[in-house]
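What the coordinates show
Spelled out from the first residue to the last, the chains are:
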Amino acid sequence: MTIKDQLFLASQYLAPHHLVSRFFGYASDCREPAVKNWMISRFVRKYGVDMREAVQEDPLAYECFNDFFTRALKDDARPLDDEPGSVLCPADGAISQMGAIEQGRIFQAKGHSYGLTDLLGGDSERAAPFQGGEFATVYLSPKDYHRVHMPAAGTLREMVHVPGRLFSVNPLTARNVPRLFARNERVVCIFDTEHGPMAVVLVGAMIVASIETVWAGLVTPHKRRVKAVRYDDAARAPIHLAKGAEMGRFKLGSTAIVLFGPGQIRWTDAVPGPVRMGELMALPAGA
């Protein structure tokens, strides 16, 4: 590990995560042309963002950096795999890890894992359907499209906001910060699907100004306690989302973790590695 990497990791523990993130959040919402145009232009140059995919191709036409960062893509930019029973990749990025949930633990990186129950907010009943199941971790880099879509059609059962830290979630921190994804602030979304229960966990990170869902809007202002909201018939009108439909978005990048129960799906041979939203990620276990 280089000295630069060591200093970066040390800063992750020392930095006031939420204060830094709020500052970047305010800056990213700034509509002053000189400020937002400088931020957007610098970002496009640094990360080589392909604006030809966006509905609005002119990066300086967006009202603020956050609008640019969560930009919509053209309808044909991300074709959806149409194989019956397929499970789609929920976002652009790279699948960093995937495989079985073993003895209630999810693999993070060599030498590191974290608890399934911890990831889902500390409720063992909520975690029970996923014990012995499958997981995939999708890392969204700064240049990627930052809307998250449904891997499979589903009916929302529960949304859980879990407060926590805001460590960076890049490959370096994944290799070196224990229990990274179970420590960071996150939004757990649990759906009923044709493949049984499915969880999509949106994990916050350093300078992530917010996480939004299409049904609740902004859901991650910092709070000190876990907050669960039920969406079943007894609680409120059910919310149904089609396969490939947008379900949430990150304002300044992060990670999405997808969970399924045991014996429901099998990962394809095309992953792990770079992926795009809508690509085939898994098939039914018997297919």
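Residues numbered from 1 in each chain as written. Predicted model: local features only at pLDDT ≥ 70, side-chain atom pairs only at ≥ 80, totals over all residues. Heavy atoms only, no water.

Here we take up the overall build of the chain. A count of helices and strands for the chain gives 8 helices and 18 strands. A total of 287 residues make up the chain; the buried ones form 54% of that total. Taking as baseline every contact in the chain between residues at least 6 positions apart, the subset at least 24 positions apart corresponds to 76%. Accessible surface, the chain as shown: approximately 13000 Å² in total, 54% of it carbon and sulfur. (Helix = DSSP H or I, 4+ residues; strand = E, 2+ residues; numbered from the N terminus. Buried < 20%, exposed > 50% of the residue type's maximum accessible area, 1.4 Å probe, protein only. Contact = heavy atoms within 4.5 Å. Areas by Shrake-Rupley, 256 points an atom, 1.4 Å probe, with all protein chains shown as cover.)

Further remarks concern the environment of Lys46. With respect to the helices and strands, the residue Lys46 is situated in helix H3 (residues 33–47). For Lys46, a relative accessible area of 56% corresponds to the exposed category.

A few words on the nonpolar core. In terms of nonpolar packing, the biggest core is built from 36 residues, with Phe191, Leu202, Trp215 and Met247 touching the most fellow members. Look past the residues within four positions of Met247 in its chain and what remains in contact with it is Val148, His149, Met150, Cys189, Phe191, Val200, Leu202, Glu212, Thr213, Val214, Trp215 and Leu241. Listed in part, the 27 residues of the second largest apolar core include Tyr114, Val160, Val169 and Ala174. (Core = buried A, V, L, I, M, F, W, Y, C linked by side-chain atoms within 4.5 Å.)

Okay, the UniProt feature "active site" (unreviewed entry) in the chain next. In the UniProt entry, the feature "active site" (unreviewed entry) is given for Asp92, His149 and Ser254. Across 163 residues of sequence, these annotated residues stay compact in space, with a maximum C-alpha separation of 14.3 Å. Following the sequence through the fold, Asp92 ends up in the loop between strand E1 (87–88) and strand E2 (93–100). Here Arg78 takes part through its side chain, which lies 2.6 Å from a polar atom of the side chain of Asp92. Along the chain, Ser254 turns up in the loop between strand E14 (246–251) and strand E15 (255–260). (UniProt positions renumbered as here; feature names shortened; annotations may be inferred. Polar contact = N/O pair within 3.5 Å; in protein donor to acceptor, adjacent residues only side chain to side chain.)

In spatial order, the strands read E6-E14-E10-E11; together these 4 strands make up an open sheet with antiparallel pairing. At either end of the open sheet lies a strand with only one pairing partner, and these are strand E6 (147–149) and strand E11 (217–218). With 3 bridges connecting them, E6 and E14 associate as antiparallel partners. In the strand pairing of E14, His149 is matched with Glu246. (Pairing = 2+ DSSP bridges.)

The final tally for this structure, using the stated rule, is 10 aromatic pairs. A centroid spacing of 5.8 Å and a plane angle of 80 degrees characterise the contact between Phe43 and Phe68, whose relative ring orientation is edge-to-face. Taken as a pair, Phe43 in helix H3 and Phe68 in helix H4 (residues 65–69) lie far apart in primary sequence, 25 residues in all. The class of Phe43 is buried, set by a relative accessible area of 12%. With relative accessibility at 0%, the residue Phe68 sits in the buried group. Between Phe43 and Phe69 the ring centres are 5.7 Å apart and the planes differ by 75 degrees, which places this aromatic pair in the edge-to-face class. (Phe/Tyr/Trp six-rings, centres within 6.5 Å; stacked < 30°, edge-to-face > 60°.)

Turning to its location among the elements, Glu246 is positioned in strand E14. Looking at Glu246, the relative accessible area reads 19%, which means it is buried. In this view, Glu246 contacts Arg147, Val148, His149, Val214 and Leu241; residues no more than four positions away in its chain are not counted.

This part takes up the pattern of salt bridges. Counted under the stated rule, the structure contains 13 salt bridges. We note a salt bridge from Arg31 to Glu63, for which the minimum N-O separation is 3.5 Å. Here Arg31 is found in the loop between helix H2 (17–28) and H3, whereas its partner Glu63 is found in the loop between H3 and H4, with 32 residues between them in sequence. The partly exposed category is assigned to Arg31, whose relative accessible area is 46%. One connected set of salt bridges, linked through shared partners, spans Glu53, Arg78, Asp92 and Arg276. (Salt bridge = Lys/Arg side-chain N within 4 Å of Asp/Glu carboxyl O.)

An order of E1-E18-E16 is seen for the 3 strands of this open sheet, with the pairing classed as antiparallel. Only two strands of the sheet have a single partner each, and these edge strands are E1 and strand E16 (265–267). Of the pairings in the sheet, the one linking E1 to strand E18 (residues 280–284) comprises 2 bridges and is antiparallel in character. Of the residues in E18, the one forming a bridge with Leu88 is Leu280.

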